[in-house]
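This is what each chain is made of:
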Amino acid sequence: MLPESEFKLIHELCLYVLSASQRAELIRATLATLHAFLSWIPLGYIFESPLLETLLKFFPVPAYRNLTIQCLTEVAALSFGDFYNMEYAKMYSIFMAQLQAIVPSSTNFVEAYANGNSEEQAFIQNLALFFTSFYKCHIRVLESVQENINILLVGLEYLINISYVDDIEVFKVCLDYWNSLVSELFDSNHNLDSPAGVAHMMGLQMPMLPGMVDGLGSQLLQRRQLYAGPMSKLRLLMICRMAKPEEVLIVEDENGNIVRETMKDNDVLVQYKIMRETLIYLAHLDHEDTEKQMLTKLGKQLIGEDFTWNNLNTLCWAIGSISGSMAEEQENRFLVMVIRDLLNLCEITKGKDNKAVIASNIMYVVGQYPRFLRAHWKFLKTVVNKLFEFMHETHPGVQDMACDTFLKIVQKCKRKFVIVQVGEKEPFVSELLTTLLTTIVDLEPHQIHSFYESVGTMIQAETDPLRRGEYLQKLMELPNQKWTEIIGQARQSVDFLKDQDVIRAVLNILQTNTSVASSLGMYFMPQISMIFLDMLNVYRMYSELISTSIAQGGPHASRTSIVKLLRSVKRETLKLIETFLEKAETFTDKAEDQQHIGKQFLPPMMDHVLGDYARNLPDARESEVLSLFATIINKYKGTMIENVPRIFEAVFQCTLEMITKNFEDYPEHRLKFFSLLRAIAAHCFPALVHLSSEQLKLVLDSIIWAFRHTERNIAETGLNLLLEMLTNFQGSEFCNQFHRTYFLTIEQEIFAVLTDTFHKPGFKLHVLVLQHLFSLVESAALTEPIWDTATVSYPYANNGMFVREYTVKLLSSSFPNMTATEVTQFVNGLFESKGDISSFKDHIRDFLVQSKEFSAQDNKDLYAEEAAAQREKERQRMLSIPGLIAPNEIQDEMVDS
C-alpha cells in the first residue's frame, strides 16, 4: 500500500487530468487508475475533495460511462459508520437524476440487453452492481430522509427491471441482493413482538424501555410498508424466473423438444435454493399478495393467455417452493384451486409435449404438499389415479417422475391407503392390488421396483397382521409365479439357469423383493422365508460359474457381460438379505423375533455365503459379504461371539491380502472390511481378545493401515475402530499386556498422520485418540510399566513421565524447526489439558497452525467440528421459520386426521 504522501500526488494528478484534459484515452486511463485505488484510499480523498463531483460529471458521457460507474460502485461499497451519510445521499441523488436522463426507469432492460452491443450490456451489468453495492451498505441512509425515499423506490424499480435480463451473471448479482434484503425485512417483521429482537434489528445494545420498543416497532412496521410495493413486484419476478428444482426430470432441450433430463446442473440447484428461500421470506411478508399473484398467473395459463412451457414451469416450481409457509387453512384453500386448475389444464390442452409439461408440473406440485393430501382424501385419490395414468405415458421422463412422486406421496400419506375411506367399500390398497398388472404394464423394471416399494410402504401401515399378510401375498404374486417357474425348470435341468434371459429374470425378481423388503422390514418375513433356500442355491451355483470363468479366462473374464450379470445376481441376493435384516430391526423390538430370524437365516449362510467367499478367487469375492456380516453383528451383537472365529477364518486373511498390496485395488472391500472389524470390536470384543498374538497384530496393523489411508471414509472407519478397541482394552484384564505391546506404536502412528498435512479431515478423531492415550497413562487402569524394562537402562517414576519424555523426542524429530523448549511446552500442555477435550483440541490445533508445515496451508478441516456446529445452528434457525425447510425434507411421523 502506498504511503499517504505519495498517494496525495496520484490523487492530485488524477483530478488534474480529469478536469483539464480533452484526450479521451488519457481520461479513460485515469478513470481505470482511480478504479484500482478507490477501494482502499483514505475517505477524505473521496469525500473532502472534488473527486465525487468530478466523477458524476463524467457519468452522462457514453465514452466514460462504464469506467465511471465502476468507480462509483467502489465508493458505494465502502462503509465507515455514519460520518459521510449526507455525502452518500447526495451522491445517490445526483446519480439517479443523471441516470433517469440517460435511461428512463420504464426502459425495457430485457430488450435493451438482448439487442445491445458489448458496451451497452456491460453498462446494464455495472448498473446492477452499483445498485446492489449501494443498497447493501447505505439503504438505511436513504430510508431515513423523506425526500430520498422516492428516489430509493425508483432505484429499486430499476433493479427489478434489470433482474429480468436474460443473463445468468446479471441475475446472480441481483438475486444475491434480493435475498439479503428480504431476509432482513423478514427478520424485522419476525422480531416485532420481541423487545430484544427489535433492539438487535436496530443495532442497539442497551436495555429497551417499553416506550422505546413501541417507537422502534412502529419504525419497523413503517419500513415494511415502505417496501410493500417493490416486494410485490419482486414476488412476480421470483415467480417468473424460478429455477428448476431437483425433483423435476422433464426439460426443454436447445431444439425446443421436451426430453428427460440426463444430468443435474448444480448451478441451477444452487440458484433454486436461494430463490426458494427468497420466495419463502416474501410469502411470510405478505401471504395474500403471494397467493393472489400465483393464482392470477395460473388463471391466465388456463384461458390460454400467455401460455408457454416456461411460464407454466416457473409458476408451478414457485408454487411448490413455498410449501409449508402458509397456515393450514390458507394452504388448503390455495391448493384446491391450484390442483383443480392444473388437472383442468391437462384435460383441455392438446399435444403430447404440452401434456408432458403439464403432467410434470402436476406431479411436482402435489409432491410438495403432503399435509394437504393427507387432509383431503378425494384429492389424494384423484392425484394418485392421475399418476397411474402418467405411468402409461411413454414421453421421456414422465413415467420416472410419476413413480418418484407416487413413492414420495405414499411415504407421507401411507395410512390413508389402508383404511376404508368414507363412502368407499374397501381400502385403496385392496383396489390397487386387484388392478396391479394393468397399472405397471408399461413401466420399465426400475420403475416397477419403485412402484413395489411404494405399495410395500402402504402395506407396512396396515395394523392387522392377517390383512397385511394377504396384501403381501397379492403384491408378490407376479414375481413369485415367475420365481416358482424358474426354480421348477432348474430342478429339471440346472443348465436352464445359465441362459442370459433367465439370469436377468432372476435379477429382476430379486430387485423387486429388495424394494419391498426395504419398505416392509420385519413384515417381509413370510416372503423371504419362502424363497430363501432356493435363492442361496442359485447364489452358490452362479458363484461356481463365475469362479470357473475367471479361472479359465484370467482377470479379463471378470469384465465379460455374462460374469457381470452373474455377479449382479450374487450382489442383489446379499443386498436383499442385508436390507431385510436392517429394516427388520426398525419394525420389531422383540428379542424373540430377532432370535427367530437369526436361527432361520444364519446357519445356511455360513457355508453358502462365507464359505463361498473364502474359497473364491479374489476377483470373484463380493464385498457385500463383508457389509452383510457387519450388519448381522451390529444387529445380533453379543449373540454372534461364537460365530466370530468362523467369520474371521473365512474373510480376514484373504481380504487383507487383497487390500494391503496397495491403496487402490478393491476399494469397496477396504471400507466394508473395516466396517466389519468395527462391528466385531464394538459388539464381540471378547472374540478379539481370544485371537492369537499374531492375529491381533494383524488386526492392529490393518487398523493402522486404514487410518493412514488418504480415502477419508476408510481413515475415519479405522480411527473409530481404534478408539473402540482402546476403550475396550482399557476395561479388560489384558490392559497392561496390550498397551505394553502397542501403546508407543499407536501414539507414533497417530502423531504421524496428525502432523503430515494429508490427513486433516481426521483431526477430530486424532485428538480423541491422543486424549485417550494421555489420560490412560496417568490413570489407575495401567498398573505396570509400558516401557521395555529389558532395554531401558533406568526406571521411570511412572508411565506418565516415560510418555512425556518419549513424546518430546518423537516430536523433536518430526519438527526440527522448533526448539526443544517449544516442543516440551507443547507436550506439557497436552498433559495439563487432557481432562477437557475442548482445551486439548485447541492446544493441538494452535500447535499445528503455528508450525511451518501447516502455516501456509488451508486448514479449514481442523475447524470442521465448529463448522458443523454452525451448520446445525443455522438448520435450527431455518426449522423455526415455516416452509424454509421443505415439508418433504422434515422426517415426520404421519398423524391421522
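The shown structure was predicted, so the numbers you read here are calculated from the model rather than taken from an experiment. (Residues numbered from 1 in each chain as written. Predicted model: local features only at pLDDT ≥ 70, side-chain atom pairs only at ≥ 80, totals over all residues. Heavy atoms only, no water.)

### Here we look at the overall build of the protein chain
Item 1. What the protein chain contains, in helices and strands, is 43 helices and two strands.
Item 2. Put simply, the protein chain has 897 residues, and 53% of those count as buried.
Item 3. Long-range contacts, defined here as pairs at least 24 residues apart, represent 74% of the contacts in the protein chain between residues at least 6 apart.
Item 4. When the accessible area of the protein chain is evaluated, it comes to approximately 41,000 Å², of which 53% is carbon and sulfur surface. (Helix = DSSP H or I, 4+ residues; strand = E, 2+ residues; numbered from the N terminus. Buried < 20%, exposed > 50% of the residue type's maximum accessible area, 1.4 Å probe, protein only. Contact = heavy atoms within 4.5 Å. Areas by Shrake-Rupley, 256 points an atom, 1.4 Å probe, with all protein chains shown as cover.)

### Examining the packing of helix H35 (residues 693-708) against helix H36 (residues 712-730)
Item 1. For the pair H35 and H36, the least separation of the axes is 7 Å and the interaxial angle reads 140 degrees. Taken together, the axes of H35 and H36 are oblique relative to one another. Crossing handedness for the pair H35 and H36: left-handed. Packed against H35, whose contacting residues are Leu 696, Val 699, Leu 700, Ile 703, Ala 706 and Phe 707, the element H36 presents Ile 714, Ala 715, Gly 718, Leu 719, Leu 721, Leu 722, Met 725 and Phe 729 at the interface.
Item 2. Split into classes, the residues belonging to the contact of H35 with H36 amount to 13 nonpolar, one polar and no charged. (Axes fitted to C-alpha atoms, helices over the stretch in contact; angles between N-to-C directions. Parallel < 35°, antiparallel > 145°, perpendicular 65-115°, else oblique. Left-handed = near helix turned anticlockwise from the far one by under 90°. Nonpolar A, V, L, I, M, F, W, Y, C, P; charged D, E, K, R; others polar.)

### Re the pattern of salt bridges
Item 1. Here the structure, examined in full by the defined rule, presents 37 salt bridges.
Item 2. One salt bridge connects Arg 740 with Glu 784, and the closest N-O pair in it is separated by 2.7 Å. In this pair, Arg 740 sits in helix H37 (residues 735-754) while Glu 784 sits in the loop between helix H38 (763-777) and helix H39 (799-814), placing the two residues 44 residues apart along the sequence.
Item 3. Overall, the relative accessible area of 40% leaves Arg 740 in the partly exposed class.
Item 4. Put simply, Arg 804 and Glu 778 hold a salt bridge, and the shortest N to O gap is 3.8 Å. (Salt bridge = Lys/Arg side-chain N within 4 Å of Asp/Glu carboxyl O.)

### Notes on helix H25 (residues 465-475)
Item 1. When H25 is considered as a whole, its buried residues turn out to be Arg 468, Tyr 471, Leu 472 and Leu 475. End-on view of H25: buried residues confined to an arc of 100 degrees, all on one side of the axis. In H25, the exposed positions that point more than 90 degrees away from the buried face belong to Leu 466 and Gln 473.
Item 2. Summarising the contacts, the buried residues of H25 are in contact with helix H22 (428-434), helix H23 (436-440), helix H24 (445-460), helix H26 (477-492), helix H27 (500-520) and helix H28 (525-553).
Item 3. Two or three places before Leu 466, at the opening of H25, Asp 464 has a side-chain oxygen 2.8 Å from that residue's backbone nitrogen. (Arc of directions from axis to C-beta. Polar contact = N/O pair within 3.5 Å; in protein donor to acceptor, adjacent residues only side chain to side chain.)

### With respect to the packing of H27 against H28
Item 1. As a packed pair, H27 and H28 sit with axes 12 Å apart at the nearest point and diverge in direction by 140 degrees. With respect to H28, the element H27 is oriented oblique. Where H27 crosses over H28, the handedness of that crossing is left-handed. For the pair H27 and H28, contact is made by Ile 503, Val 506, Leu 510 and Asn 513 and by Gln 527, Ile 531, Met 535, Val 538 and Tyr 542, respectively.
Item 2. Of the residues belonging to the contact of H27 with H28, the class tally is seven nonpolar, two polar and no charged.

### A look at the side chain of Lys 297
Item 1. Inspection of the secondary structure puts Lys 297 in helix H15 (residues 287-302).
Item 2. Lys 297 has contacts with Leu 236, Ile 239, Cys 240, Asp 306, Asn 311 and Leu 315, leaving out every residue within four places of it along the chain.

### What to know about the nonpolar core
Item 1. Membership of the largest hydrophobic core comes to 292 residues, with the highest contact counts inside it found for Phe 95, Phe 131, Tyr 135 and Trp 178.
Item 2. If you tally residues by element for this core, the top one is H28, at 12 residues.
Item 3. In contact with Tyr 135, other than residues within four places in its own chain, are Tyr 92, Leu 142, Leu 152, Gly 155, Leu 156, Leu 159 and Tyr 177. (Core = buried A, V, L, I, M, F, W, Y, C linked by side-chain atoms within 4.5 Å.)

### What about H35?
Item 1. Taking 1.5 Å per residue as the helical rise, H35 with its 16 residues ought to reach 22 Å, and the 22 Å between its terminal C-alpha atoms agrees with that figure.
Item 2. Of the positions making up H35, those classed as buried are Leu 696, Val 699, Leu 700, Ser 702, Ile 703, Ile 704, Trp 705, Ala 706 and Phe 707.
Item 3. Buried residues along H35 sit in contact with helix H32 (644-659), helix H33 (667-683), helix H34 (685-689), H36 and H37. (Expected span 1.5 Å × (residues − 1).)

### Some remarks on the packing of aromatic side chains
Item 1. Counted by the stated rule, this structure contains 43 aromatic pairs.
Item 2. Between Phe 532 and Phe 601, the ring centres sit 4.5 Å apart and the planes meet at 75 degrees, which makes this aromatic pair edge-to-face. Here Phe 601 lies in helix H30 (residues 591-615) and Phe 532 lies in helix H28, a separation of 69 residues in the sequence. When sorted by exposure, Phe 532 lands in the same class as Phe 601, which is buried.
Item 3. The positively charged end of Arg 468 is found above the aromatic ring belonging to Tyr 523, 3.5 Å away from the centroid.
Item 4. One residue, Arg 804, lies across the ring of Phe 831, its end atom 4.3 Å from the ring centre. (Phe/Tyr/Trp six-rings, centres within 6.5 Å; stacked < 30°, edge-to-face > 60°. Lys NZ or Arg CZ within 6 Å of the ring centre and 35° of its normal.)

### A look at the environment of Glu 277
Item 1. When you line up the elements, Glu 277 lands in helix H14 (residues 266-285).
Item 2. Here Glu 277 falls in the buried class, since its relative accessible area comes to 18%.
Item 3. Measuring from C-alpha to C-alpha, the distance between Glu 277 and Gly 883 comes to 8.8 Å, with 606 residues separating the pair along the chain.
Item 4. When residues no more than four places from it in sequence are discounted, the contact partners of Glu 277 are Asn 179 and Leu 884.

### Observations regarding the confidence of the model for the protein chain
Item 1. Chain-level pLDDT for the protein chain is 86 on average; 89% of the residues reach the 70-or-more range.
Item 2. Per-element confidence in the protein chain ranges from a low mean pLDDT of 46 for helix H11 (residues 195-201) to a high of 97 for H24.
Item 3. Scored below 50 in pLDDT, residues 194-206 makes 21 contacts in the model with residues more than four places away or belonging to other chains.
Item 4. Note on residues 893-897: pLDDT is under 50 here. Beyond four places in sequence and across chains, it has 11 contacts. (pLDDT = per-residue confidence, 0-100.)

### A short note on the environment of Leu 581
Item 1. Here Leu 581 lies in helix H29 (residues 561-587).
Item 2. We classify Leu 581 as buried; its relative accessible area is 3%.
Item 3. For the pair Leu 581 and Ala 517, spaced 64 residues apart in sequence, the C-alpha separation works out to 9.1 Å.

### Considering the environment of Phe 109
Item 1. Here Phe 109 shows up in helix H7 (residues 109-115).
Item 2. Not counting residues up to four positions away in its chain, the partners in contact with Phe 109 are Val 103, Ile 124, Leu 127, Tyr 158, Asn 161, Ile 162 and Val 165.

### A look at unusual backbone geometry
Item 1. Although it is not a glycine, Lys 637 sits at a positive phi angle of roughly 50 degrees.
Item 2. Among the secondary structure elements, Lys 637 is positioned in the loop between helix H31 (624-636) and H32.
Item 3. Phi at Tyr 666 is positive, roughly 50 degrees, even though this residue is not glycine.
Item 4. By secondary structure assignment, the location of Tyr 666 is in the loop between H32 and H33.

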